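# A closer look at the structure
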Amino acid sequence: MKGRISILLIAFAIFTNVITRAQQAGEHTYDFLNLTNSARVAALGGNQVGMNHGDLSLMFHNPANLSQELHNSLCFNYVPYISDIKMTYAAYGHHIQSVGTFGISVHAVNYGSFDRADENGNLNGTFSATEYAISINYTKTLSPKWRAGIAIKPIISNLEQYNSFGLATDIGLLYNSDNKLFSAGITLKNAGAQISSYNDTHEPLPTDLQIGFSKKLAHAPFRLSITAQDLFDWDMKYKVSDGNNETIEGKGNNGNSFDQLMRHINVGVELLPSDNFYVGVGYNHRRRKELGVSEKMSTSGFSWGFGFRVYKFHFAYGSARYHLGGASNHFSISTNFSDFRR
C-alpha cells in the first residue's frame, strides 16, 4: 500500500514539474474555472482542498473528495454573482463496488446580455457570453486513510461570435486520520490546454497547485480549514497595459514577506453544534488587498455562511464580500436518493 501511494506521489510531482511554467496574472483563459460555486466553501474563504465532509460539491476543489459515501448523491449550486452574472453547478455521484466512485458535474457561467456597437458607437443589437466546464470524475480508495481522484474537464467558451474549446485535468490526493478529526489534501488544478482558440492565439489555462488541511477540535464544536493556493507563482507577477502600448510589470505584494505569504492563504472556521447545522466564517487576504478600498476597507475579504438539514435535504448559504460595491451570494441544496429508500 505504501508503495502504491509513493508511486502516485512521484507521478504527481513529475506531472507538476512538466506543466509548471511562469504563471502570469491576467494571461490565462478560462479563469471562470477558479470561481467558487459552493455555498460552504464560499463562506470559508473561497477555496478549501483539505476538507472531507461528505459534500459532493467539494469534488470541484479536490477530485479526491468524491467518496463511496456520496453514492447516489445530487447537488445543485446557484450563484447570482456580481453585475448580473449568473453561475450554476450541478453534480451527481455513483459508486461501483470494487471499481471506484464516479461523478459528473457541469459548471456554467452566464455573463448576461451585452449591447453590440460598431466603432462609431452605433448600436446593432445584443449578444451573450457563456462558458461551461463538464467534469468527469473518478476516485479510488487506496487505503483507509488515503484516496486519489482525477477529473477530466472539457471546456466550452462562447463569447459573442468567438468560440473556444479546451481540455483540463484536476488530480488530487486526500488523507484522513483514523479519528476523522484531521484531513489534508493536495490538488493540481486546471492542467491542460486550449484545443481551439478564439482567434488562433492560444493562451495558457489557470493551472495551479493547492495544498490544504482541515482540523476539528476533539472536545469543542469547532473546525479550522486552511488552504494555500497560487503556489506556482509565489510573487504573483503580473503584466498590464498602461493604455499607451506600454507594458507595466510588477508583483502582487508590497514586498512584505508576511503579506506575500497571506495572499496565498484562505482561512475558514466553522461552528458545528450538531450534525445538522453549521455556521462558518472565512478570510481571503488577497481579495482584501486587491479589491479593498484603502480609505475604507470595511469587510472586504471576509465571508460567512450557514447550512442546515431539513428532512433529507441539505441547504446552505454563503456570502463573500469582495469590495464596498458588491458581494456574492451562494445557494446550495443537496440530497442522497438512497436516503429515500430507508
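On a plain count of helices and strands, the protein comes out with four helices and 16 strands. Considering the protein as a whole, with its 342 residues, one finds that 46% of them fall into the buried category. Of the accessible surface of the protein, which amounts to about 17000 Å², a share of 58% is contributed by carbon and sulfur atoms.

The full count for this structure, using the stated rule, is eight salt bridges. The salt bridge partner of Lys 145 is Asp 178, with a shortest N-O separation of 3.6 Å. Of this pair, Lys 145 sits in the loop between strand E4 (123-141) and strand E5 (146-159) while Asp 178 sits in the loop between strand E6 (162-176) and strand E7 (182-196), and the two are 33 residues apart along the sequence. Using a relative accessible area of 29% as the deciding quantity, one classes Lys 145 as partly exposed. Glu 270 is the partner of Arg 223 in a salt bridge, and the nearest nitrogen-oxygen pair spans 3.1 Å. Remark: Glu 270 occurs in strand E12 (residues 265-274) and Arg 223 occurs in strand E9 (residues 222-228); sequence separation between them is 47 residues. Connected through shared salt-bridge partners, Arg 40, Arg 223 and Glu 270 make up one network.

What follows is about the pairing of E5. Sheet faces and side chains relate simply in a regular strand, where the side chains alternate between the two faces. In the sheet, E4 pairs with E5 via 11 bridges, with the strands oriented antiparallel. Directly across from Thr 139, in E5, lies its bridge partner Gly 149. Sheet topology note: the E5/E6 ladder contains 14 bridges and is antiparallel. For Ile 152, the partnering residue across the bridge sits in E6 and is Thr 169. Linkage of E5 to E6, two consecutive antiparallel strands, is achieved through a turn of two residues, within which Glu 160 is found at a positive phi near 55°.

Here seven bridges tie E12 to strand E13 (residues 277-284), and the two strands are oriented antiparallel to one another. Paired with Gly 268 across the bridge in E13 is Gly 282. With antiparallel pairing between neighbouring strands as the criterion, E12 and E13 make up a hairpin whose turn holds two residues. Across seven bridges, E13 lies against strand E14 (residues 302-310) in antiparallel orientation. Directly across from Phe 277, in E14, lies its bridge partner Phe 308.

On to the packing of aromatic side chains, then. Overall, the coordinates contain 16 aromatic pairs when judged by the stated rule. Ring geometry for Phe 306 against Phe 308: centres 6.3 Å apart, planes inclined by 15°, an arrangement best described as stacked. Look at Phe 306 and you get partly exposed, because its relative accessible area is 27%. Ring centres of Phe 308 and Phe 315 lie 5.6 Å apart, and the angle between their planes is 25°; this geometry places the pair in the stacked category. Taking the relative accessible area as the measure of exposure, Phe 308 reaches 32% and is therefore partly exposed. Three or more aromatic residues link up through ring pairs in this structure, and these residues are Trp 304, Phe 306, Phe 308, Phe 315, Tyr 317 and Phe 331. Residue placement shows Arg 40 over the ring face of Tyr 278; its charged tip is 4.2 Å from the ring centre. The ring of Phe 60 is capped by Lys 189, whose NZ or CZ atom sits 4.6 Å from the centre of that ring.

What counts and how
Residues numbered from 1 in each chain as written. Predicted model: local features only at pLDDT ≥ 70, side-chain atom pairs only at ≥ 80, totals over all residues. Heavy atoms only, no water. Helix = DSSP H or I, 4+ residues; strand = E, 2+ residues; numbered from the N terminus. Buried < 20%, exposed > 50% of the residue type's maximum accessible area, 1.4 Å probe, protein only. Areas by Shrake-Rupley, 256 points an atom, 1.4 Å probe, with all protein chains shown as cover. Salt bridge = Lys/Arg side-chain N within 4 Å of Asp/Glu carboxyl O. Pairing = 2+ DSSP bridges. Phe/Tyr/Trp six-rings, centres within 6.5 Å; stacked < 30°, edge-to-face > 60°. Lys NZ or Arg CZ within 6 Å of the ring centre and 35° of its normal.

Any link to function would need more than the numbers given here.
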